[in-house]
Amino acid sequence: MTGAFLAIVNMFPISTSLFFGIMFIVLILTNFKMEFYTYHLMTLQFCLFCYTSTFWAINGRYSIDQANSIFQSIICMSIFYAYYKNLKDINILLKITMWSGYVVMFYTYFFYGLDNVVGASEEQRLNSEFNNVNSLAILGAQVIIINAYFFLFVKKDFSILMALPTLGIIGATQTRKAFVMLVAGIALLYLFKELKNTKGSIIPFIKLFIFFAVGIMVIYFLSQTPFFSGLTHRMDGLIASITGKGEMDSSSALRKFYRDLGWTQFKETPLAGIGIGNAHILVWRASDQNTYLHCNYAELAADGGVLGLFSYYIMYLYVLYKEMKYVKIEHSAILIVVLVLIKLILDWGAVTYYSKLPYFTLMTMYIHLDLMRIKHPKPKKIPIR
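No experiment lies behind these values; they were computed from the predicted model shown.

Novice: Would you explain the overall build of the protein in this entry?
Specialist: Within the protein, the secondary structure is distributed over 16 helices and zero strands. Taking all 385 residues of the protein together, 51% fall into the buried category. Considering only contacts within the protein whose residues lie at least 6 apart along the sequence, 76% involve residues at least 24 apart.

Novice: Just to check I follow, could you spell out the packing of aromatic side chains for this structure?
Specialist: Each pair of aromatic rings is reported with the distance of its centres and the angle of its planes. Counted under the stated rule, the structure contains 24 aromatic pairs. On the basis of an interplanar angle of 25 degrees and a centroid distance of 6.2 Å, the ring pair of Phe-80 and Tyr-84 is categorised as stacked. Of this pair, Phe-80 and Tyr-84 both sit in helix H4 (residues 60–84), four residues apart, which is roughly one turn of that helix. For the pair Phe-80 and Tyr-84, one class covers both residues: buried. Plain terms: the ring middles of Trp-263 and Trp-348 are 6.5 Å apart, the flat faces sit at 25 degrees to each other, and that makes the pair stacked. Of this pair, Trp-263 sits in helix H12 (residues 250–268) while Trp-348 sits in the loop between helix H15 (331–346) and helix H16 (356–375), and the two are 85 residues apart along the sequence. A residue is classified by how much of its surface remains accessible, and Trp-263, at 26% relative accessible area, is partly exposed. Relative accessible area serves as the criterion here: at 36%, Trp-348 is assigned to the partly exposed category. An aromatic cluster is built from Phe-46, Trp-263, Phe-266, Tyr-297, Tyr-312, Tyr-313, Tyr-316, Trp-348, Tyr-353 and Tyr-354, whose rings are joined through pairwise contacts.

Novice: Whenever I open this one, the confidence of the model for the protein confuses me. Can you help?
Specialist: When pLDDT is low, close inspection of the predicted coordinates is not appropriate. This prediction gives the protein a mean pLDDT of 81; 74% of its residues lie at or above 70. Within the protein, the element-level pLDDT minimum falls on helix H1 (residues 2–8), averaging 48, and the maximum on helix H14 (residues 296–323), averaging 96. Taken as a whole, residues 7–15 scores under 50 in pLDDT and shows 13 contacts with residues more than four places along the chain or in a different chain.

Novice: Help me understand H15 in this model?
Specialist: Side chains of residues three or four places apart in an α-helix project in the same direction, reflecting 3.6 residues per turn. Compared with an ideal rise of 1.5 Å per residue, which puts 16 residues at 22 Å, H15 spans 23 Å between its outermost C-alpha atoms and is within 8% of the ideal. The buried fraction of H15 amounts to 12 of the 16 residues, a majority that puts the element mostly inside the structure. Where H15 is buried, its residues touch helix H5 (90–112), helix H7 (133–154), helix H9 (176–195), H14 and H16.

Novice: Would you mind going over the packing of helix H3 (residues 38–52) against H4 with me for this structure?
Specialist: For any two helices packed against each other, the geometry is given by the interaxial angle and the distance between the axes. Look at H3 against H4: their axes get within 8 Å of each other, and the N-to-C directions meet at 165 degrees. In terms of orientation, H3 and H4 fall into the roughly antiparallel class. The way H3 lies across H4 gives a crossing that is left-handed. The residues of H4 that touch H3, namely those facing Tyr-39, His-40, Thr-43, Leu-44, Phe-46, Cys-47, Cys-50 and Tyr-51, are Ser-63, Ile-64, Ala-67, Asn-68, Ile-70, Phe-71, Ile-74, Met-77, Ser-78 and Tyr-81. Along the lines of polarity and charge, the residues of the contact of H3 with H4 split into 13 nonpolar, five polar and no charged.

Novice: When you look at the environment of Asn-59 in this model, what are you seeing that I'm missing?
Specialist: Mapped onto the secondary structure, Asn-59 falls in the loop between H3 and H4. On the basis of relative accessible area, Asn-59 is assigned to the partly exposed category, the value being 28%. A C-alpha to C-alpha distance of 8.6 Å links Asn-59 and Gly-277, two positions 218 residues apart in sequence.

Novice: Explain the nonpolar core to me, please; I cannot follow it from the model alone.
Specialist: Generally speaking, a soluble globular protein has its nonpolar side chains buried in company with each other. Membership of the largest hydrophobic core comes to 97 residues, with the highest contact counts inside it found for Phe-46, Leu-189, Tyr-312, Met-363 and Tyr-366. With 15 residues, H7 is the single largest residue contributor to this core. Here Leu-189 is in contact with Ile-145, Ala-148, Tyr-149, Leu-152, Phe-153, Ile-334, Leu-335 and Val-338, once residues within four sequence places are set aside.

Novice: Even after reading the chapter, I still don't get the packing of H5 against helix H8 (residues 163–173), so can you show me in this structure?
Specialist: Put simply, H5 and H8 touch, their axes get as near as 10 Å, and they point 60 degrees apart. Put simply, H5 runs oblique to H8. Crossing of H5 over H8 shows left-handed handedness. Taking contact as the criterion, the partners of Tyr-102, Met-105, Phe-106, Thr-108 and Tyr-109 in H5 are, on H8, Ala-163, Pro-165, Thr-166, Gly-168 and Ile-169. Across the contact of H5 with H8, the residue classes break down as seven nonpolar, three polar and no charged.

Novice: Got a minute to help me understand the side chain of Thr-352 in this structure?
Specialist: Secondary-structure assignment places Thr-352 in the loop between H15 and H16. By relative accessible area, which is 10% here, Thr-352 ends up buried. Side-chain polar atoms of Thr-352 contact the side chain of Asp-347, separated by 2.9 Å.

Novice: What is the right way to read the pattern of salt bridges from this model?
Specialist: Under the criterion given, the structure shown has five salt bridges. In this structure, Asp-65 engages Arg-61 in a salt bridge whose closest nitrogen and oxygen atoms are separated by 3.1 Å. In this pair, Asp-65 and Arg-61 both sit in helix H4, four residues apart, roughly one turn of the helix. Judged by relative accessible area, Arg-61 falls into the partly exposed class, the value being 44%. In this structure, Lys-343 engages Asp-347 in a salt bridge whose closest nitrogen and oxygen atoms are separated by 3.1 Å. Judged on exposure class, the residue Lys-343 and its partner Asp-347 are both buried.

Novice: Which parts of the structure should I look at to understand H14?
Specialist: In this model H14 runs just 23 Å from its N-terminal to its C-terminal C-alpha over 28 residues, more than 12% under the 40 Å that 1.5 Å per residue would give. The sharpest bend along H14 comes to roughly 125 degrees, located at Gly-304. With respect to burial, H14 is a largely interior element, 20 of its 28 residues being buried.

Procedures and definitions
Residues numbered from 1 in each chain as written. Predicted model: local features only at pLDDT ≥ 70, side-chain atom pairs only at ≥ 80, totals over all residues. Heavy atoms only, no water. Helix = DSSP H or I, 4+ residues; strand = E, 2+ residues; numbered from the N terminus. Buried < 20%, exposed > 50% of the residue type's maximum accessible area, 1.4 Å probe, protein only. Contact = heavy atoms within 4.5 Å. Phe/Tyr/Trp six-rings, centres within 6.5 Å; stacked < 30°, edge-to-face > 60°. pLDDT = per-residue confidence, 0-100. Expected span 1.5 Å × (residues − 1). Axes fitted to C-alpha atoms, helices over the stretch in contact; angles between N-to-C directions. Parallel < 35°, antiparallel > 145°, perpendicular 65-115°, else oblique. Left-handed = near helix turned anticlockwise from the far one by under 90°. Nonpolar A, V, L, I, M, F, W, Y, C, P; charged D, E, K, R; others polar. Core = buried A, V, L, I, M, F, W, Y, C linked by side-chain atoms within 4.5 Å. Polar contact = N/O pair within 3.5 Å; in protein donor to acceptor, adjacent residues only side chain to side chain. Salt bridge = Lys/Arg side-chain N within 4 Å of Asp/Glu carboxyl O. Bend = angle between axes of the 7 residues up to and from the residue.

Right, here's the structure in full:
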């Protein structure tokens with residue numbers, strides 16, 4: 001329900017009003033009671049930094065607008081938090097997220113038409129008429145990763161077949177971030193699964209070698225098909241922009257230019273930046289384009305300097321540090337760790353600090369931490385399973 005709601009609500013011009021309207025209904029139906037948890041402390045401190053940056057921002061109005069957007073997301077997620085924190089098992093929330101995500105994927109087929117999705121190619125990718133195609137692809141990748149977690153660690157069932165049409169959406173959008181996210185997520189899940197069972201045996205390492213060898217062959221085979229040709233071409237450009245070798249496509253070259261603008265500004269204002277939401281001014285001055293830097297690290301480095309980077313990423317590093325205590329105790333902790341690592345990778349190619357979906361995923365992570373603290377108050381003294 002929630003994942004579908006977050007994605008579809010962005011279709012409408014009055015999405016913010018619609019978002020709060022539905023939240024108000026949830027507030028009434030769930031007998032909402034506000035309680036303060038670590039999630040609120042972490043998210044509010046970043047929101048406070050965003051508001052504070054108006055004092056030194058090039059244009060304080062931009063900082064206030066972004067801070068307001070983040071504050072709205074925190075309020076809405078706090079309502080979800082109050083409802084979902086009563087769950088006894090995080091797998092329930094993960095399944096809600098997974099199946100609601102699949103609903104969005106099938107609605108995407110209905111909206112664009114099967115022929116348009118299947119007929120996507122290097123010259124023709126899905127447009128953002130329904131929703132931002134990059135957001136759709138990232139949601140699809142996240143859903144497949146959650147499904148892969150259930151398949152590898154919980155129960156092997158036919159729900160994994162739902163990943164196939166979702167993979168079609170990712171291919172049709174040609175979103176490089178989603179492809180990297182998907183490959184890294186599944187690889188990390190399988191890596192954690194096998195490394196848990198080594199115990200001096202060489203068998204898990206042989207299985208890992210076979211898994212990655214087969215995975216590379218599958219990726220290569222898919223890259224040769226017409227359906228994934230556009231994504232393959234864009235991936236080549238991405239690799240060239242990172243390594244400096246090969247020919248960059250125009251999109252990759254432009255994104256590298258944007259990142260360089262952010263890092264150059266960071267060198268000039270390393271402590272606190274030029275104000276949250278102001279990085280697009282750098283692009284406008286350099287190219288007459290009004291867009292963000294397409295890299296969360298460069299964006300926050302330019303907007304908030306070291307303080308901004310710390311204020312935002314401490315929310316995720318805290319989760320990573322705490323969850324590592326539980327990875328050998330609870331399988332669900334492995335998924336949370338993988339989602340954090342993927343987030344840190346994904347942010348190189350996307351600006352996410354003000355988007356709603358990451359705050360929902362972050363909420364899931366902190367609810368899981370709360371459950372772990374209750375279930376395993378002394379994790380180091382619990383025997384490894």
